[in-house]
Structures are given as C-alpha cells and as structure tokens.
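Letter by letter, the chains look like this.
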2 protein chains.
Amino acid sequence: MSGERIIYLPLGGAGEIGMNCYVYGYGKPGEERLIVVDLGVTFPDMDGSPGVDLIFPDIAWLKERRERIEGIFITHAHEDHIGAVAHYYEALGAPVHARAFTANIARRKMEEFGHPENAVTTASAWPETVSAGPFKVGFLPISHSIPESSALVIDTPEGRLVHSGDFKLDHDPVVGEPFDRDLWDSVAKEGVKALVCDSTNVFSVHEGRSEATVGPEIEKLVAAQKGIVCATTFASNVARLKTLAEAGNRAGRSVVLLGRAMRRMVEAAVETGVLTDFPKTVPVEEASNIPRENLMLIVTGSQGERRAASAQLARGKHFGIELGEGDLFLFSSKTIPGNERGVIRIINQLSELGVDVVDDSSGRYHVSGHANRPDLEAMHDLVGPQIVIPMHGEHRHLREHVALAKGRGRQAVLAVNGTMVSLSGNKPEVVDYVETGRTYLDGSVQIGALDGVVRDRIRMALNGHVLVTLIVDEENEALGDPWCETMGLPETGRSRQSLVEVLEEELAEVIGRAGKKTMRDDAALEEALRRATRNAAQNEIGKKPEVTVVISRLS
Amino acid sequence: MSGERIIYLPLGGAGEIGMNCYVYGYGKPGEERLIVVDLGVTFPDMDGSPGVDLIFPDIAWLKERRERIEGIFITHAHEDHIGAVAHYYEALGAPVHARAFTANIARRKMEEFGHPENAVTTASAWPETVSAGPFKVGFLPISHSIPESSALVIDTPEGRLVHSGDFKLDHDPVVGEPFDRDLWDSVAKEGVKALVCDSTNVFSVHEGRSEATVGPEIEKLVAAQKGIVCATTFASNVARLKTLAEAGNRAGRSVVLLGRAMRRMVEAAVETGVLTDFPKTVPVEEASNIPRENLMLIVTGSQGERRAASAQLARGKHFGIELGEGDLFLFSSKTIPGNERGVIRIINQLSELGVDVVDDSSGRYHVSGHANRPDLEAMHDLVGPQIVIPMHGEHRHLREHVALAKGRGRQAVLAVNGTMVSLSGNKPEVVDYVETGRTYLDGSVQIGALDGVVRDRIRMALNGHVLVTLIVDEENEALGDPWCETMGLPETGRSRQSLVEVLEEELAEVIGRAGKKTMRDDAALEEALRRATRNAAQNEIGKKPEVTVVISRLS
C-alpha cells in the first residue's frame, strides 16, 4: 500500500434534508486531492432562523484546503443541490461541472454575482468523464423530478464509487431520460466499492410510481372543470409543468405560467433542448381577457411561500385575475414537512374566495421524485456495492437506510455531516470528525449560525426589548433620571400604570441608592440597571425582557 | 310573533381549530339572554405570536353584555374548550357548568387563580337539565377522546338546538360511555331546529374507527419488545393511557406515568369515578431500578413540545432514565398540523440515541377522536335538524361541511367567528357581524393580537434592532456624536469595518449637516437619524433594521 486513501466527507445533507454538500478525496492522509459534489442551500424558518435569507453548509474545512480542490460537480438543479454554487464560487475557486440543463441554471446564478461565463463547464453524460486530479467523474443519467438529474460515477485509483444523487427509478419520466437499466448495469459490472445513496423515501414501503401516471388523472380533473383551473407544483418539475399544460390545452384552455421561477425553468429547459414540445403559453397580461372556462394557470408557490403567485392569488386580485366560486385550485405537489402552516393558510384563503381546492391527499395528482424502499433495494442490488453509505436524509432516514442495507447483507455506514470515512481497504472506517455547521446569508452578509446574532433576534421576539439610557456628568452623578423605551412589550401591566413609567420609577430609585463606586463603574451600573429593569418588568408584566443599557458620560 | 329570536354567534372555533367559544341567545334583538358554550385557548407559534403564552378568543362583545350571561357550559376538558375558563371567569361573572370530570379539571384551573370552589357546578347527564334564563341545557353523553365529553341539548322557547361538541361515534370507547343511539334518538324525535356540528374530520372519507381497535395492536407491539418501551399520547386521552398501561402490564412491565399533565388527568379521572381500573403505576424515581425489559414509560409531549417529557428523554438522561439502542418509542398520537417540526426533531434525536421510533403512519396505533365524513352524515341523519351549522373547523372544513349537508338536502349555514345567525323562523338568517379576534396572554398581561406588540417583536426578529442615542445641549447643539448599539445584527458587513462604527460615522455626518430647525425638532431629528441608520445599514449589511432613537435634551 502506498498510504493513499479514498475519503468521503459530507458537509451538508447527511442528517438533514437540504443544503447538500459532499466531499470526496484521494491521496495521502492530509494531502488528499478533493472534489465537491453539490453546493446546496436550505431555507430559514421563523422558529430557528428568523430574518435569515438562505442557509448554506459551513465550508470552512474546504476553504482551508482550497488549493486541493479539483472541481465541483453538481448532480442536478434543485436549490438544495445548486443554490450555494454562486455564493461559494470565489471561496472555493474551482471549476464547476454540470450537464447542460443544470449548467444553464448554474450560469444564471453565476451571472447574478458577476462571475465569469466559463465558471461552469457543461459536461456530457456517461460514458464521457471529466478528469479531476486523481478522479474521473462521469454523469450517469438517472430519473428524478427535474431534467437531466445525474448520479456520479467517481473512478479512483482504488476503485469505483457511485454517488446516486437524488433519484427514482422511472421508466417513463415524461421529460428527459427514462431510467436505463442496461447503462447502469454496464457501470456496475466493473465492480463498485461504495454506493452513496439518497435516503429520502426509505420509510415509504410501496414501490414508487412513474411521473407518467399523474397525466391521465390530471387530464380527467381539468376536463371536468367549468371555471378557471389554477395548478401549482415545484417550478423545477418541468415534466409536471408539461403534463399540466397539456391537460389544459386538451381541455381547450390557454395556459399561463405565473411566477418567475417557473418561467425561468421552462426557458432553461427549452434553451438546452431538454424540452422540445411544451404547449404554447399566453402572457399573463392577456389572461383577464380569456373566458374563465378557457383559462389554465400554472403557478409557483406549492409550499405556501408568502410572496409566490399562489399566495398572491389566494389573497385576492393578481395580474387582474381573481379566483372565486366555480374555480379550481390544484396542488400537484406534496407539502414538505414544516411548510404545513403556510399551505393550509392558502387553502383557507382560497376557501374563503369560494375556490375548490384539490390537494395531494388522494395521491392521484402527484408522485415523489425519490426512490421508495423497494426501489432503494433494487438500486442496491443493481449497483452491488461493497459498501452502502446513506445520504440525503435526516438522521432517522440514514439510520433506517443503514439497517435496510445491513439487513440485506451489505456493509453500511451511518455518516452524518462532518464524519470523514476512509473507503480504502476492505472495511470502511471513520477516520476523523470535522467541525461542520450552517452559514446564514443575512441580507448581504454571511454569518455563522452560532454567532449569536440570530439567538439575539429570537430573544427579542420572545421577550421584547427595553432600552435604558442614562447620562452621567463629570462628577459621576446622574444627570436626570434613567430613561426607558420599550419595543415589543405591552404598554401597561398589573398596576395599569404605563410600563415605561413603572420601569423609570424603579430605575430612578436604583440610581438614587447607587454608591459612588457603582456610578464610576460602567459595567456595574449597567448590570444594576439591567437587573432592576428585568425584575420590575417581571413584577409588572410577568416577563423578563432583553435590556440594552446605554450610559453616556459627559467628560 | 313576540319579536323574540334565537341567535347563534361563534366567537372562536369557527374558522380555525382551537379556542372554541360559542354564544347562544334568546330574547328581543339586543336584549337576548345569553349562554356561552366552551371557553378554550389556542397555542402560539413563533411564526405569528412569538413570546406569547396562550391565545384566547376576544370576548369584548360578551364583556359588554356581561349582565345578560346566564351561564357558561363546558362540553369537555380539552384545552381548546376549557383552557380560558379561569382567565375569563371574573370578566364574565357567570356560573360554569360541566359534568364531573370536566368540572374537576375546571376547578383545578379556578383554584390556581384563587377563584371560589363553587365557581363550577357539576351537572348530571341528560335527561337532567340546567336552567339558564330562557334556556334549558342538557349534557348529552357522546364519545370523543377524553372522558365524559358531551353534546349539549339546548331547549329554547322556539325549539331545540343540539350543539355536538367534539365527537365521534364510538360504541366501544374503552373508558366512559359508549355512543348510545337510543338516547340520541330520544332527543332527536322531539324535533331539532339546528345541529351545530364538529367539522374537524370532514375530509376523512372512511368511517371512523373505535378506540378499542388500537388495544390489540399496541399489545402486540409492546409484547415484542426487549428494551424499554416509551409511549406518548395526548395526556387527556385517558382511554389510551389505560390501553397503553394495560399493554405494558400484560407484557410484565411496570408502568411509569411521566409528565404533570398526564398524572393530573389520571388523577381527575380516578377522583370522579370515570376510571376505576387503571393498572398500578410506579413512581418515576423507581424507574431506574427496574430492568429495561420490565419498564414501560407513558409520557407527555406527543406534539414535540420542548419542555415535555418526550423532548427531555430525546435530549438525554431524564429522571435517571436514558433511552438507547434496543428501546422503542411509540407515538400513539397524530401530529397536529403545524407541529411537524417539533415532532421530527424529537424523532431524529431519538434516532441518534439508537432508539427505534414507531409513529402513526401505519394507522395501527392511533385513532382520531373526531367523526369522519360518513359519521357526520350519520349524525345529521340521526338528529335530523332543520339546519346544520358547521363549527370546530378551519374555513375549508366549514365550507366542505356546508356542502356535505346541502348536498344531502338540508339547510346549512357557513358562519365563521363573528357571524351572528338568527335561528328563528323557517330560515336561518345572518343578522349581524360582530368584531372578533384574538387576545394574547403575554406573561401576566392580556394584550390584543392587533395591538402592535407582537408585530414589533416579529419585526425585531426579522430585521434586528439598532438603538441610537444623542444628547442635545441647551443651545440645541449635539453634545458629542450619536451613539449606536445593535442587537440581532452582524458585527461587520461589506466594508469589514465594525457596523456600529459605520453607522455612527454616518449619523455624525447627518448631525453635522442638520440645521438649527431640525436640531430643535425632536420628531424631525429622530426621523433623520432613523432614516440615515436604515439606509446606511442597507448599504453595509443589506437589510434595514428597526431603529429606536433616544434624544436626551439637557435643559
């Protein structure tokens, strides 16, 4: 043995669904040449990350090894795989490789940041490969819910790895390449060391259904309507957009695509030749001139996003269109866990308008883009790897996927974000734990999730905020009484007096009692004022607010 | 006609699931004598009500008519029906009526507030009735997921109303009264003017299942385990607690009830004779001495509540008990929409501990307490009312329930919170819209949902908060430069200089440029400083914070 090794290191996506980022390395320990697979984002929520715009994996480990990065490979154009590619392009300084459709989306992102055109290289599908240091990387077509999704065949000097990407086994995906068993067989037959595998649907016990199965159901539904039909789905699901648009067309309806993301996806699919026969659409400006029974809207916002077209329509008139009695709103999508409140809000708003809503509960109008449990078993058998490493899942998914693989006689490793696994030799081995985490894009600034910024915001949201100001003169005497302002707190409490006055009275007493020593000492004075404010508030309104004390010294 | 009328007015629970509060009245318009049915709460969330402790219906309308209230009737002891009874007792000043178990729970709440023992009157079941002004009100037993749930038979001078309460048609509810068709027939046969009816499960198309069906499944599951079995369900589902405890006992396990709410519910059920044969339990202090295979924990926290026993156990050792490899955690409950994130967090934490988790996805270990669509149809037919008024549902549920009733040839009214419906004559008629809303319990203070307090908290959480202080002397000259403090904002932005310094430099310039007139005018000065702060922050960090300006004038 030369002392070289293959390493696998997830920095995002293993232990969560979102912000995928996986590192593969080959070389002497500490000197491995590296490739990065996917650079995704995840989305903030009010519970844990209020005010944050986007969440990225923390790539500090990669930045410190920047000169060792041979390339970045993007499996497909979903935001949780591609969303951080432009934000991190400069920090990583490595070429980005993707197939045509994905590359088209990546270039649009690069352009927004002023990165060069050639930052992204278009790769051809397997059997062509990209050389990246010790690796040869091939894009192996696999079906998913977006065009040109690919697994990666990663050939190393010590053998072949297969990184599944997000996938399902769909023989009729409507748009793009059907699952090609022979092609996969040809990859597998040379022997595969490790399969790093999507785990999203490991708890779904039935075989997955093809994208093609929803078409007839949607067609029936649309044909039966008399008013406007408005359908939402994931903007990137180009096959579904086509199915919906065709159903509209066949029912004699003009089709309007509403929402920037949706138009951009269709545009990219057409530009790259992925989509050749999308029905003709009509600009939204013309929609209000079309009789209701001849109109089909396909809109963004399947997850209840407040600014998306679905939410706008649910709130009332949008682009001159007003949904109402006799119209139908179809969720051709599932609600991602955590988004329920937003989706339900929209459904109720539509209900108030008199719109009939059909959602995914029947299972007829949506299919998942991920492999269910039997399909995962089929994939294991097809690839026949020595080792299965589950990825793209929360801990519960990874653990179940490991159990599934082991139960069927394979080696399997549960490696969450930060777990470095050596794949050399006959047995996978955890060789290191790397510090990982999340980076927040907040406005235009990247901040660490643990920097305390968001913690302070959450505290203000839970407890309110009191500002105390005090002026101290040259003799260390208070010039007037302390002054309070409150934000996010009730105006009055127990005593029915103004809360601000109650606090100011209390603080005036604190100052009256304060000795020379305290008055000289900013820290002691601040602490005395803060504690008194919190206690007085607790007594008056039953909660202890955040307190900021500003002492101005005239000197 | 004497000019009297019957009115129905929901103040909470119609247009949402939670904080139920329904008003019935009889008398001349504007002089109706009133009864209140249920006084519930709903729970806050970080999205819309951060820092809030509980949410009540706004009862301003009732308070203004306090002297006309004849009584408060509580159908059952779920928090969304009983939770506000003690908070609002003094404001309404009317006697509270409930059956024994519900009254027991209500008295515990009253006691915490120092209200008198006799604030709550225990009512007997139908055919006994309580007289309340022009009304005779009877508690008609009906099955649900808590003991002694009741519909109300409300007899008025113009006919009989039936308020269903929360219900299912369960002939074998394990604890408490089975659904008694004959009893209901006897109520219905005298003719019912209106059925005000639970709508929760109107979208569930299959007939509901009996509580008794989960016992054998739970028993099988528990019997197959080798480690600790830990199960969670709604604390108030006493029948389920019994089923779980019995399954544990039969498998040779000692049963520990963990969580205050759970012990309180069992206590109340035993005290009131509802529960006579609950298996012997063991104090939690003894749990760590019991071999794992002989231990069964029944714990609070089925909705992922952060402070409940389930969350504590998922985080690590709790009362000396540490779950791990080989143990089972059972959710014998469903996740209420909106609580998914919290529940999933716990499942993943348990997964990290190596605990196997079984949830409700199989449908074997939980049944709903509400009537499904076919059961609603059965109820309509059983009661045979002239009018159906759906309640206890979001808008989408009420609308669907109205459509269901109308589709089967009955009159039905969609009345959301604040809609006053006259039930006199042959046709229901909307006669008024009353302003309604939500009242927040925030610490110890009740605040209106629209008072702006919570809005300000949300703004601080989204945007951060900057405090600007400035001292102005007797000559209207700034004494030194403006001073900034930030909370919930990054320390540095675009320029990599300290954000506070960037803001202070900008504000010093603003003051340098400010004319005499501005310096004399607090409002103008504040506005200038606020705007400059927001613009400078936007430029530096890409977001516009909330700004509080404090100007101190030496005079």
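What you see is a predicted model, and the numbers here were worked out from it, not measured in a lab.

Caption draft 1: Quick peek at the nonpolar core. Membership of the largest hydrophobic core comes to 70 residues, with the highest contact counts inside it found for Leu62(B), Phe101(B) and Ile298(B). Considering every element that reaches this core, the biggest residue donor is helix H7 (residues 238-250) of chain B, with six residues. For this core, the two domains that each supply at least three residues are domain 1 (5-206 + 368-448) and domain 2 (211-362) of chain B. With near-sequence residues (within four places) excluded, Phe101(B) lies in contact with Ala77(B), Ile146(B), Pro147(B), Glu148(B), Val238(B), Met265(B), Ala268(B), Ala269(B), Thr272(B) and Val274(B). Counting residues in hydrophobic clusters, the runner-up holds 69 residues, among them Ile74(A), Ala77(A), Met265(A) and Ile298(A).

Caption draft 2: Fine view of the packing of helix H5 (residues 181-188) of chain A against helix H11 (residues 373-383) of chain A. All names here are of chain A. Their axes nearest at 8 Å, the elements H5 and H11 cross at an angle of 50 degrees. Classified by the angle their axes make, H5 and H11 are oblique. Each of Arg181, Trp184, Asp185 and Ala188 in H5 lies in contact with H11, whose residues at this interface are Met379, Leu382 and Val383. Broken down by class, the residue content of the contact of H5 with H11 amounts to five nonpolar, no polar and two charged.

Caption draft 3: Broad picture of the state of the cysteines. On inspection of all chains with the given rule, the structure shows zero disulfides over all chains. Between Cys484(A), a free cysteine, and Cys484(B), which holds the nearest cysteine sulfur, the sulfur-to-sulfur gap is 19 Å. Under the relative-accessibility criterion, Cys484(A) is labelled buried at 3%.

Caption draft 4: Structural detail: the sheet that holds strand S19 (residues 387-391) of chain B. Residue and element names in this part refer to chain B. The seven strands lie next to each other as S9-S10-S11-S12-S13-S19-S21, forming an open sheet whose pairing is mixed. Of all strands in the sheet, those with a lone pairing partner are strand S9 (130-132) and strand S21 (411-412), marking the two edges. As paired strands, strand S11 (residues 150-156) and strand S12 (residues 159-163) are joined by five bridges and run antiparallel to one another. Each residue of the ladder has a partner; that of valine 153, found in S12, is valine 162. Together, strand S10 (135-141), S11 and S12 form the strand contacts of helix H5 (residues 181-188), whose direction differs from that of S10 by roughly 160 degrees. Here helix H11 (residues 373-383) sits on the sheet and contacts S12, strand S13 (194-198) and S19; the angle it forms with S13, its principal contact strand, is near 160 degrees.

Caption draft 5: Structural context of H5(B). Trp184(B), Val187(B) and Ala188(B) are the residues of H5(B) that are buried. One face of H5(B) carries all of its buried residues, which in axial projection span an arc of 95 degrees.

Caption draft 6: Focus on the relation of the copies chain A and chain B. Of the transformation superimposing chain A on chain B, the axial component is 0.0 Å and the angular component is 180 degrees, with the fit at an RMSD of 0.1 Å. The superposition of one copy onto the other is thereby described by a two-fold rotation axis. When you check the interface residues of chain A against chain B, 100% turn up at the interface there too, and the contact is symmetric in its surfaces.

Caption draft 7: Spotlight on the layout of surface pockets. By volume, the second largest pocket amounts to about 460 Å³. Along the wall of the second largest pocket there are 14 residues; nearest its centre are Gly493(A), Arg496(A), Ser444(B), Val445(B) and Gln446(B). Per-element tally for the lining of the second largest pocket: the top contributor is strand S25 (residues 445-448) of chain B, with three residues. Each residue belonging to the lining of the second largest pocket can be placed in one class, and the counts come to five nonpolar, four polar and five charged.

Caption draft 8: Local environment of the pairing of strand S3 (residues 21-27) of chain B. Residues and elements named next belong to chain B. Counting buried positions over the seven residues of S3 gives seven, a clear majority of the element. Covered by surrounding structure in S3 are Cys21, Val23, Gly25 and Gly27 together with Tyr22, Tyr24 and Tyr26, the residues of both alternating faces. In the sheet, strand S1 (residues 5-12) pairs with S3 via seven bridges, with the strands oriented antiparallel. Bridge assignment links glycine 12 to a residue of S3, and that residue is cysteine 21. Examined bridge by bridge, S3 and strand S4 (residues 33-37) share five bridges and lie antiparallel to one another. Looking at S4, one finds that tyrosine 26 is bridged to arginine 33. Here S3 folds back onto S4 in antiparallel fashion, the turn holding five residues, of which glycine 30 has a positive phi close to 85 degrees.

Caption draft 9: Molecular detail of the packing of helix H14 (residues 499-513) of chain A against helix H16 (residues 522-541) of chain A. Residue and element names in this part refer to chain A. Across the interface, H14 lies against H16 with an axial gap of 9 Å and an inter-helix angle of 140 degrees. By the angle between their directions, the pair H14 and H16 is classed as oblique. Considering only the axes of H14 and H16, their crossing is right-handed. Of the residues in H16, those in contact with Leu499, Val502, Leu503, Glu506, Leu507, Val510 and Ile511 of H14 are Leu525, Ala528, Leu529, Ala532, Thr533, Ala536, Ala537, Glu540 and Ile541. Of the residues that constitute the contact of H14 with H16, the class distribution is 13 nonpolar, one polar and two charged.

Caption draft 10: Broad picture of the domain arrangement of chain A. Domain boundaries assigned for chain A yield domain 1 (5-206 + 368-448), domain 2 (211-362) and domain 3 (464-553). Between the C-alpha centres of domain 1 of chain A and domain 3 of chain A the distance comes to 53 Å.

Caption draft 11: The sheet that holds strand S22 (residues 419-422) of chain A, seen in detail. All names here are of chain A. Reading across from one edge, S8-S7-S6-S4-S3-S1-S22-S23 is the order of the eight strands in this open sheet, with mixed pairing throughout. In this open sheet, the two strands that pair with only one neighbour each are strand S8 (120-122) and strand S23 (429-433). Going from strand to strand, the sheet's axes swing by 25 degrees on average, the running direction of each strand aside. As paired strands, strand S6 (residues 69-73) and strand S7 (residues 96-98) are joined by two bridges and run parallel to one another. Directly across from isoleucine 72, in S7, lies its bridge partner valine 96.

Caption draft 12: Structural detail: the packing of aromatic side chains. Residues and elements named next belong to chain A. What the rule picks out here adds up to twelve aromatic pairs over all chains. Ring centres of tyrosine 8 and tyrosine 22 lie 6.4 Å apart, and the angle between their planes is 10 degrees; on these two criteria the pair is classed as stacked. With tyrosine 8 in strand S1 (residues 5-12) and tyrosine 22 in strand S3 (residues 21-27), this pair connects stretches of sequence that are 14 residues apart. The two residues tyrosine 8 and tyrosine 22 agree in class, both being buried. Ring pairing ties together the aromatic residues Tyr8, Tyr22 and Tyr24, which thus form one cluster.

Caption draft 13: Structural detail: the pattern of salt bridges. Residue and element names in this part refer to chain A. Tallying each qualifying case throughout the model produces 78 salt bridges over all chains. Across the salt bridge formed by aspartate 327 and arginine 292, the nearest N and O atoms sit 2.6 Å from each other. Taken together, the positions of aspartate 327 in the loop between helix H9 (309-315) and strand S17 (328-331) and arginine 292 in the loop between helix H8 (260-271) and strand S16 (295-299) put the pair 35 residues apart, joining distant regions of the chain. Owing to a relative accessible area of 1%, aspartate 327 belongs among the buried residues under this scheme. For arginine 457, the salt bridge is made with aspartate 442, and the minimal N-O distance between the two is 2.5 Å.

Reading the values: the criteria
- Residues numbered from 1 in each chain as written.
- Chains lettered and ligands numbered in written order.
- Predicted model: local features only at pLDDT ≥ 70, side-chain atom pairs only at ≥ 80, totals over all residues.
- Heavy atoms only, no water.
- Core = buried A, V, L, I, M, F, W, Y, C linked by side-chain atoms within 4.5 Å.
- Buried < 20%, exposed > 50% of the residue type's maximum accessible area, 1.4 Å probe, protein only.
- Helix = DSSP H or I, 4+ residues; strand = E, 2+ residues; numbered from the N terminus.
- Domains from an automatic or database assignment.
- Contact = heavy atoms within 4.5 Å.
- Axes fitted to C-alpha atoms, helices over the stretch in contact; angles between N-to-C directions.
- Parallel < 35°, antiparallel > 145°, perpendicular 65-115°, else oblique.
- Nonpolar A, V, L, I, M, F, W, Y, C, P; charged D, E, K, R; others polar.
- Disulfide = S-S within 2.5 Å.
- Pairing = 2+ DSSP bridges.
- Arc of directions from axis to C-beta.
- Least-squares fit on C-alpha atoms with pLDDT ≥ 70 in both.
- 1 Å grid on protein atoms, 1.4 Å probe; cavity = no way out; pocket = protein on both sides within 12 Å on 5 of 7 lines; lining within 4 Å.
- Points joined across faces, edges and corners; volume = space filled by probe spheres on them.
- Left-handed = near helix turned anticlockwise from the far one by under 90°.
- Phe/Tyr/Trp six-rings, centres within 6.5 Å; stacked < 30°, edge-to-face > 60°.
- Salt bridge = Lys/Arg side-chain N within 4 Å of Asp/Glu carboxyl O.

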